[in-house]
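The residues making up each chain are set out below.
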Amino acid sequence: MTQPTQSPLTEPSPPPSASPPDSRPAHPYRAFTIRAGLGVAVVAALLWHYDARPVFRILSRERPAYFALVVALYVAGQLLCAYRWQLLSEILKVHARLSEFVAFTFVGMFTNLFVPGLLAGDAARAIYLGRPRNRMGEAVASVVADRVVGLVGLFWLAAASAIFLNYAPLPSSVITPTILVGALSLLGFLASPILARLIPLMPRPIRRAGGFVAPYLHHPGRLLIPIALSIALQMVLAVGQYWLAVGLGLSTPLSLFLLCVPIANVVASLPLTLNGLGIRESAYLVLFGMAGMGKDDAIALGLLWFAAMVISGLMGGIAFVTTPAPSALPKEAGIAPSTLSSQ
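The model shown is predicted, which means the values in this text are computed figures rather than measured ones.

How each quantity is defined
- Residues numbered from 1 in each chain as written.
- Predicted model: local features only at pLDDT ≥ 70, side-chain atom pairs only at ≥ 80, totals over all residues.
- Heavy atoms only, no water.
- Helix = DSSP H or I, 4+ residues; strand = E, 2+ residues; numbered from the N terminus.
- Buried < 20%, exposed > 50% of the residue type's maximum accessible area, 1.4 Å probe, protein only.
- Contact = heavy atoms within 4.5 Å.
- Phe/Tyr/Trp six-rings, centres within 6.5 Å; stacked < 30°, edge-to-face > 60°.
- Axes fitted to C-alpha atoms, helices over the stretch in contact; angles between N-to-C directions.
- Parallel < 35°, antiparallel > 145°, perpendicular 65-115°, else oblique.
- Left-handed = near helix turned anticlockwise from the far one by under 90°.
- 1 Å grid on protein atoms, 1.4 Å probe; cavity = no way out; pocket = protein on both sides within 12 Å on 5 of 7 lines; lining within 4 Å.
- Points joined across faces, edges and corners; volume = space filled by probe spheres on them.
- Nonpolar A, V, L, I, M, F, W, Y, C, P; charged D, E, K, R; others polar.
- Polar contact = N/O pair within 3.5 Å; in protein donor to acceptor, adjacent residues only side chain to side chain.
- Expected span 1.5 Å × (residues − 1).
- Salt bridge = Lys/Arg side-chain N within 4 Å of Asp/Glu carboxyl O.
- pLDDT = per-residue confidence, 0-100.
- Patch = residues over 30% accessible without salt bridge, like charges linked within 9 Å, V, L, I, M, F, W, Y side chains within 5 Å.
- Areas by Shrake-Rupley, 256 points an atom, 1.4 Å probe, with all protein chains shown as cover.
- Bend = angle between axes of the 7 residues up to and from the residue.

Undergrad: Help me understand the overall build of the protein in this model?
TA: Tallying secondary structure elements over the protein gives 16 helices and 0 strands in all. With 343 residues in all, the protein has 46% of them scored as buried. By sequence separation, contacts in the protein at least 24 residues apart represent 76% of the contacts at least 6 residues apart.

Right, here's the structure in full:
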């Protein structure tokens, strides 16, 4: 009775005449190339428009000790991410050691650098957590929740900073949308129990997927600690970029970074370019420029932060090499393959 469910796992290869396998892999690589090329093009346009030579001179001023400290801080921030993900997974009763969540988080960082696709790192994390436990549905839900909780923390911090830390002359065209996004995310958080009651009324595919995230919606109070960790992480990232500015010799107050960095990260979180390359530098140029920072300084700061993220991601290669690959699903687990195919 379980043969139809398991057949996708037991077939050695698709029919020779099938053409989709030849064309489908090109799509993620094409998207990856477009996003990377767009990011490089935006940075090149900024450097051409504002003259690259001053930017490179500013970059050469960065003190290596401060840059190394920022890389270490970014890596330490990933420990917060791993702990947040562990808390979210335990709500779905998917258990693993914190060291495993740390390893899977760094595997995801490394994967994001080299594997095309918008959510390559998230997919890797879900596979490493869920496949050995035959809990792919719950693992995917925990990764999605981790991503959403991270964005909610980012939106709340950006809105709070716009309200309480707007010492710089940022215009209402920036402050008002930032506060509005934070308010809407807070409203969605408070309304999540109502959304949970609507899941049984949804079509079957949505109802099935909603069943995995229902525990989060029914009990939003259990998300407060993960959201607090997200806010703490964003503050750590702001402090890291403040240290980069100190390493460049800039005398910019920390409060300005607590205001501008979360807003810039909201913009950079849009999946338009590779790791926000170009988008972040443009946001820095606008936001820090409004606050009085030189345009060349803002571009250099964005490029330094991107370099710190790339180096940190490369360090995830250690976890990628040392972490055992997730074992194949046992053939007798008839539920897991159907769960996988439904995602």
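Undergrad: Teacher, can you tell me more about the packing of aromatic side chains here?
TA: Ring pairs (aromatic) are described by centroid distance and by the angle formed between their planes. A full pass over the atoms with the stated rule returns 8 aromatic pairs. Seen from their ring centres, Trp 156 and Phe 189 are 5.5 Å apart, and the 90 degrees between their planes marks the pair as edge-to-face. Remark: Phe 189 occurs in helix α9 (residues 172-190) and Trp 156 occurs in helix α8 (residues 136-164); sequence separation between them is 33 residues. For the pair Trp 156 and Phe 189, one class covers both residues: buried. Ring geometry for Phe 257 and Phe 288: centres 5.1 Å apart, planes at 50 degrees, overall tilted. On the criterion of sequence distance, the pair formed by Phe 257 in helix α13 (residues 254-268) and Phe 288 in helix α14 (residues 279-290) is long-range, its members being 31 residues apart. Judged on exposure class, the residue Phe 257 and its partner Phe 288 are both buried.

Undergrad: Help me out: how do you make sense of the packing of α8 against helix α12 (residues 224-247) in this one?
TA: Between α8 and α12, the least distance of the axes is 8 Å, while the angle of their chain directions is 60 degrees. Judged by the inter-axis angle, α8 sits oblique to α12. As for the relative orientation of α8 and α12, their crossing is right-handed in sense. Residue-level contacts link Val 149, Gly 150, Val 152, Gly 153, Leu 154, Trp 156 and Leu 157 of α8 to Pro 226, Ile 227, Ser 230, Ile 231, Gln 234 and Met 235 of α12.

Undergrad: What's the story with the layout of surface pockets in this structure? I'm lost.
TA: Space left empty within the atom packing is revealed by a probe, the size of a water molecule, rolled over the atoms. If you add up the space inside the second largest pocket, you get close to 350 Å³. What lines the second largest pocket is a set of 16 residues, and nearest its centre among them are Ala 145, Val 148, Tyr 216, Leu 217 and Leu 223. Among the elements of the structure, α8, α9, α10 (192-198) and α11 (204-218) are those that each provide at least two residues to the lining of the second largest pocket. Broken down by element, the residue count for the lining of the second largest pocket peaks at 6 residues, all from α8. A breakdown of the residues in the lining of the second largest pocket according to their chemical character gives 13 nonpolar, 3 polar and no charged.

Undergrad: Would you mind going over the side chain of Ser 142 with me for this structure?
TA: Among the secondary structure elements, Ser 142 is positioned in helix α8. Looking at Ser 142, its side chain comes within polar contact range of the side chain of Trp 85, at 3.1 Å.

Undergrad: Before we go on, may I ask you to explain the side chain of Gln 241 in this structure?
TA: Tracing the sequence through the fold places Gln 241 in helix α12. For Gln 241, a relative accessible area of 0% translates into the label buried.

Undergrad: Just checking my understanding: could you explain α8 for this structure?
TA: An α-helical turn contains 3.6 residues, so any two residues separated by three or four positions project in the same direction. If you check α8, its first and last C-alpha atoms are 42 Å apart, about what 29 residues at 1.5 Å a residue would give, namely 42 Å. Among the 29 residues in α8, 21 count as buried, and that is most of the element.

Undergrad: What is the right way to read the pattern of salt bridges from this model?
TA: It is possible for side chains of opposite charge to pair when their charged atoms get near one another. As enumerated under the stated definition, the model contains 7 salt bridges in all. A salt bridge links Glu 100 to Arg 97, with the shortest nitrogen-to-oxygen separation between them at 4.0 Å. On the basis of relative accessible area, Arg 97 is assigned to the exposed category, the value being 57%. Between Arg 125 and Asp 122 there is a salt bridge whose closest N-O contact spans 3.0 Å.

Undergrad: It is not clear to me how the confidence of the model for the protein should be interpreted in this structure. Could you clarify?
TA: It should be kept in mind that the predicted coordinates are not to be read in detail where pLDDT is low. Confidence along the protein averages 79 in pLDDT terms, with 75% of residues attaining 70 or more. Taking the mean pLDDT of every element in the protein, the minimum, 36, falls on helix α16 (residues 335-342) and the maximum, 96, on helix α5 (residues 64-91). This model gives residues 1-26 a pLDDT under 50, and the stretch forms 8 contacts once residues within four places in sequence are excluded. For the stretch residues 331-343, pLDDT sits under 50, and the model shows 20 contacts to residues farther than four places along the chain or on other chains.

Undergrad: Just checking my understanding: could you explain the environment of Lys 295 for this structure?
TA: Mapped onto the secondary structure, Lys 295 falls in helix α15 (residues 295-322). Along the backbone, Lys 295 and Pro 54 are 241 residues apart, and their C-alpha atoms lie at a distance of 9.9 Å.

Undergrad: Would you explain a nonpolar patch on the surface in this entry?
TA: Together, Leu 195, Leu 198, Leu 201, Met 202 and Ile 206 give the surface a local cluster of nonpolar side chains, amounting to about 470 Å² of exposed area. Within the fold, Leu 195 resides in helix α10.

Undergrad: What am I meant to see in the environment of Leu 248 here?
TA: Here Leu 248 lies in the loop between α12 and α13. Apart from the residues lying within four places of it in its own chain, the contact partners of Leu 248 are Ile 58, Leu 59, Arg 61, Glu 62 and Leu 304.

Undergrad: Is there a simple way to think about α11 in this case?
TA: Relative to the 21 Å expected for 15 residues at 1.5 Å per residue, α11 spans 19 Å between its end C-alpha atoms, a close match to the ideal helical length. Taking the largest bend as the criterion, α11 deviates by roughly 55 degrees, centred on Phe 212, and proline Pro 215 comes between one and four positions later. Every buried residue belonging to α11 is among Gly 210, Phe 212, Ala 214 and Tyr 216, and all of these are buried.

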